[in-house]
Amino acid sequence: MCNTNHIFLVNCPSSLQFASDCVNTVEHKVLPYTVDPFTTGREDAAKKITTTSLTRAEASDSLTLHGHDDHSISSVAHHKVLWVFRNQDHTVDHDICPCSAARDLKFSPQPACINLGTMWAWALWMFLLLCKFSLAVLPAKPENISCVFYYEENFTCTWSPEKEASYTWYRVKRTYSYGHKSDICPTDNSTRGNHASCSFLPPTITNPDNYTIQVEAQNPDGIIKSDITHWNLDAIMKIEPPEIFSVKSVLGIKRMLQITWIRPVLAPFSSTLKYTLRFRTVNSAHWMEVNFTKEDIDRDETYNLTGLQAFTEYVVALRCAPAESIFWSGWSQEKVGTTEEEAPYGLDLWRVLRPAKVDGRRPVQLMWKKASGAPVLEKALGYNIWYFPENNTNLTETVNTTNQTHELYLGGKTHWVYVISYNSLGESPVATLRIPAIDEKSFQCIEAMQACLTRDQLVVEWQSSAPEVDTWMVEWFPDLDSESSTFSWESVSQARNWTIQKDELKPFWCYNISVYPVLGDRVGKSYSIQAYVREGIPSVGPVTEADNIGVKTVTVTWKEIPKSQRNGFISNYTIFYQAEDGKEFSKTVNSNILQYGLESLTRKTSYTLQVMASTRAGGTNGTKINFKTLSVSVLEILFITSLVGGGLLILIMLTVAYGLKKPNKLKHLCWPDVPNPAESSIATWRGDDFKDKLNLKEFDDPVNMEEDRVLKPYSAPSDFIDKLVVNFENFLEEVSPEEPGKGQENILKEEKNEYMTSPYWPYRPPISTEIPRRKSQQLCSRILEGTCSETKEQPLSSVPSLGPEHLCEEGEPNPYLKNSVTTREFVTSEKPQDEAKREV
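These numbers come from a predicted model, not from an experiment.

## Here's the deal with the overall build of the protein chain
Counting secondary structure elements, the protein chain contains twelve helices and 47 strands. Expressed as a percentage of the 840 residues in the protein chain, the buried residues total 36%. Expressed as a percentage of contacts within the protein chain between residues at least 6 apart in sequence, the contacts between residues at least 24 apart total 66%. Carbon together with sulfur atoms contributes 52% to the accessible area of the protein chain, which is approximately 50800 Å² in total.

## A few points about the sheet that holds strand β29 (residues 446-453)
Ordered in space as β29-β30-β33, the three strands form an open sheet in which the pairing is antiparallel. In the strand order of this sheet, the two ends are held by β29 and β33 (497-501), each with one partner. On average, each strand axis in the sheet is tilted by 15° relative to the strand beside it, whichever way the strands run. Note that β29 and strand β30 (residues 457-464) share seven bridges and pair antiparallel. Residue M449 lies in a different strand from β30, and its bridge partner there is W462.

## Points about the side chain of T281
Within the secondary structure, T281 is located in strand β16 (residues 273-281). The class for T281 is buried, based on a relative accessible area of 18%. In contact with T281, other than residues within four places in its own chain, are T312, E313 and Y314.

## Considerations on the sheet that holds strand β18 (residues 300-306)
Read across the open sheet, the three strands follow the order β14-β15-β18; overall the sheet is antiparallel. Of all strands in the sheet, those bounded by a partner on one side alone are β14 (243-248) and β18. Ignoring strand direction, the axes of neighbouring strands in this sheet form an average angle of 20°. Relative to β18, strand β15 (residues 256-262) runs antiparallel, the two sharing seven bridges. Residue pairing across strands places T260 opposite T302, the latter belonging to β18.

## Considering the state of the cysteines
Every disulfide links exactly two cysteines, by a covalent bond between their sulfur atoms. Under the counting rule described, the total for this entry stands at two disulfides. The disulfide partner of C185 is C198, and the gap between their sulfur atoms is 1.6 Å. Across the disulfide from C185 to C198, rotation about the S-S bond amounts to roughly 135°, and the bridge is consequently right-handed. Linking C185 in the loop between β8 (181-184) and β9 (197-200) with C198 in strand β9, this pair joins segments that are 13 residues apart in sequence.

## Some words on the pairing of β30
Between β29 and β30, which pair antiparallel and follow one another directly, the connecting turn spans three residues. When β30 meets β33, the two strands line up antiparallel, connected through five bridges. Across the sheet, the residue bridging to Q457 is Q501, located in β33.

## Overview of the pattern of salt bridges
All chains considered together, the criterion is met by 15 salt bridges. With its nearest N and O atoms 2.9 Å apart, the salt bridge here joins K173 to E216. With K173 in strand β7 (residues 169-176) and E216 in strand β10 (residues 210-219), this pair connects stretches of sequence that are 43 residues apart. On the accessibility criterion, E216 (7% relative accessible area) is buried. For the salt bridge of E440 with R434, the shortest nitrogen-to-oxygen distance reads 3.1 Å.

## Side note on the packing of helix α2 (residues 634-661) against helix α3 (residues 663-670)
The interhelical angle for the contact between α2 and α3, taken along N-to-C directions, is 115°, at an axis separation of 5 Å. On the side of α2, the interface is formed by T655, Y658, G659, L660 and K661, while α3 contributes P663, K665 and L666. Here the residues of the contact of α2 with α3 sort into four nonpolar, two polar and two charged.

## Some words on the environment of E636
Tracing the chain through its elements places E636 in helix α2. Judged by relative accessible area, which is 30%, E636 ranks as partly exposed. Sequence separation between E636 and V551 is 85 residues, and the spatial gap between their C-alpha atoms is 9.9 Å. In this structure, E636 is in contact with R603 and S631, ignoring residues within four places of it in sequence.

## Here's the deal with the packing of aromatic side chains
Overall, the coordinates contain 21 aromatic pairs when judged by the stated rule. When the centroid spacing of 4.9 Å and the interplanar angle of 80° are considered together, the rings of F155 and Y211 count as edge-to-face. Pair noted here: F155 is in strand β6 (residues 154-160) and Y211 is in strand β10, with a separation of 56 residues, a long-range link. Given the relative accessible area of 0%, F155 is considered buried. Ring pairs connect the aromatic residues F155, Y176, F200 and Y211, which therefore count as one cluster. Taking the ring centre of W331 as reference, the NZ or CZ of R278 above it sits at 4.2 Å. Lying over the aromatic face of Y516, R351 brings its terminal NZ or CZ to 5.9 Å of the ring centre.

## Some thoughts on the pairing of strand β26 (residues 415-423)
Burial within β26 is extensive, with eight of its nine residues counted as buried. In this sheet, β26 lies alongside strand β23 (residues 382-389) in antiparallel orientation, the contact comprising eight bridges. Counterpart to I385 in the pairing with β26 is V419. Here β26 runs beside strand β27 (residues 426-427); their pairing, made up of two bridges, is antiparallel. From the neighbouring strand, Y422 faces β27, where its bridge partner is E427. The loop that links β26 with its antiparallel partner β27 comprises two residues.

## Observations concerning a negative patch on the surface
A contiguous patch of negative charge on the surface is contributed by D456, E490, D503 and E504. Looking at the secondary structure, you find E490 in strand β32 (residues 488-493). In this structure E490 comes out as partly exposed when scored by relative accessible area, which is 35%.

## What to know about the nonpolar core
Note that soluble globular proteins tend to have their nonpolar side chains buried in a common cluster. Counting 42 residues, the largest nonpolar core has F155 and I213 as the members making the most contacts within it. Setting aside anything within four residues of it in sequence, one finds F155 in contact with C147, V148, F149, C198, S199, F200, I205, Y211, I213, W231, L233 and I236. Counting residues in hydrophobic clusters, the runner-up holds 21 residues, among them M449, I513, I529 and V533.

Definitions and cut-offs
Residues numbered from 1 in each chain as written. Predicted model: local features only at pLDDT ≥ 70, side-chain atom pairs only at ≥ 80, totals over all residues. Heavy atoms only, no water. Helix = DSSP H or I, 4+ residues; strand = E, 2+ residues; numbered from the N terminus. Buried < 20%, exposed > 50% of the residue type's maximum accessible area, 1.4 Å probe, protein only. Contact = heavy atoms within 4.5 Å. Areas by Shrake-Rupley, 256 points an atom, 1.4 Å probe, with all protein chains shown as cover. Pairing = 2+ DSSP bridges. Axes fitted to C-alpha atoms, helices over the stretch in contact; angles between N-to-C directions. Disulfide = S-S within 2.5 Å. Salt bridge = Lys/Arg side-chain N within 4 Å of Asp/Glu carboxyl O. Nonpolar A, V, L, I, M, F, W, Y, C, P; charged D, E, K, R; others polar. Phe/Tyr/Trp six-rings, centres within 6.5 Å; stacked < 30°, edge-to-face > 60°. Lys NZ or Arg CZ within 6 Å of the ring centre and 35° of its normal. Patch = residues over 30% accessible without salt bridge, like charges linked within 9 Å, V, L, I, M, F, W, Y side chains within 5 Å. Lys, Arg positive; Asp, Glu negative; His and termini not counted. Charge placed at Lys NZ, Arg CZ, Asp CG, Glu CD. Core = buried A, V, L, I, M, F, W, Y, C linked by side-chain atoms within 4.5 Å.

Set out below in structure tokens:
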């Protein structure tokens, strides 16, 4: 059965029947149960659909499908149906039969691409339609709706989300007058854009009343509504803060402040208000609060704040709210007031024990401060101190001072010290301290201690082996190069840790922190550590020196940085050294090492050296120094010296051994013999052979002068003595007439006189004569001629053993006579002349 839009396959309980003018029929297959696949409201259509399969022989080009019911055959619409047969695409072609009541649908295999364009167009249209629905994003549902009733001002509601991802409009619907009226947030106050708030203004605000609020969120994709919320205006009412008029103390009442304020103008006149009063000391950041209720409707109201510290400044603020409301007003402006002064609160007392002096006195520095919890503004007019040895109060001494420290000189025994402070209103309680004896042993119970830094605090923790000790005294002071005079201390009870704010300590300063256990009136042995609240790089670097420079080694030494310039714990030192035009090397050592030896250097090379000191924050380089390695080491010099010295020692030993073995040769080699003129054979020369044996040269020949100075080894004649005899008295008269006394002067100038004495000649006084240069030639002639007759008649007192050449020279000594004197003295023999003549 067919209509204009669909092809309907209707239930066919019997075989198909065709009109008489339709010649083509289907004989092979009958589809008994079919149904309209596009049915919409057709209740009479069968709920079954039958499929059939055809063999390859049945699936011919002439397949025809007829649709009909029991009565007639309707026309077939102009549609094509896709038929899939064994993975092949088929289309349904329709041909109208000549009869008006029948229409044949022929199935014929055709390519699928013929109608794919139309199919892709339908698919693309459906895809875009589905994408439109899938991409649509509705606004977020408004939640967390909160409303506040600002008394006599407005009714404001807020919600979340406060900001949407896309542009969103909001509408706020309200019902009021207990549900009898409703409205929408006015246009001027409605939310536009992304502002998630709305305010309702008078005169539409009624009080008391109950409101309902609903928020609608809308964007181009749709609208979404929030849940309906209910609000009681008395419960959400918010009023203005009160105005504090004064904060002052009451005369005669200690530790109290009276606060006076003005009731808010915009507040229900008949409503009971509740108040919160907060206060703190001026130097504190911790607030304390007091809650109270005021039913009075007076304009000015007061409240007495008690339990405060005496003579202390307090900061006060106030807020209020209706008794039924959950919303408080803002805080009022802060006001400051001071409590009345009273007697001092008390003192914390501590001491610093110093070594005893030579005379036995022990310096003890006493320190005190206001006790913990004392008023900030408390002032003392002075302090009274008295002390005495233990068990002997008769030796009490008293001191008055206005300072907060005092040095006492105590003996070696135990002492008790008492200190009080006073002002115009009275005295403080007595602070007591026991000073132990010098030889008293303190107990020790602290086993370990550490310091750690938090965000804004320094925390010191320790461990104790004595559970009965629950009081500790913490002492800290900066560790400077000189002895510190600034000590701080604090008592800790029932805890084994101590905390201090970083702001109370100076950055880049090292602090010595000591903890003393206190058991009753006895103080135990302390445990100390060092800590920084903040570390930085050192202000200066180490001062470096190079010592013990060798060929390939050098010793680097440096000095510690002063404590005030370290700015942190020195973690290590780094040595940088670099050869000239070479690569830089480094060595890192621990902080406790101040000397290091560098090795494997290059011989005879210049180096640049510096040392860097490092902390956790970084490092700082010290001074640069230059040094040059040696070309030869001391050991090498010692080795060479040892070799040379050893060689010389061996040579000396060999020489000594050779000398011991052959002493004459060594003596001749070291000390050659020098001829002795006294033992010369010239004394044996005699007669006329004197000239021949001497082989004299001409005195006027300057070339042979040097040769003539040497004596020839001739044998002396027997009459040599006779020929040498000269009458020196006549000789002196003839030779020295122009220079009298010159011979005597020469005698005095000589260092030593040598005497040649004949054993038989008579003694005569020694006469020294020096032959003048101009007379030398005459003297030589006379000696050669010989005046023997005169000599025989007058004996000589002395005969010099000099050759004629010596007499003719200009005073230059003969090399063979270098050990002889140049001046001869003739001495007269003591023997008679007769005996001398006989011997001649």
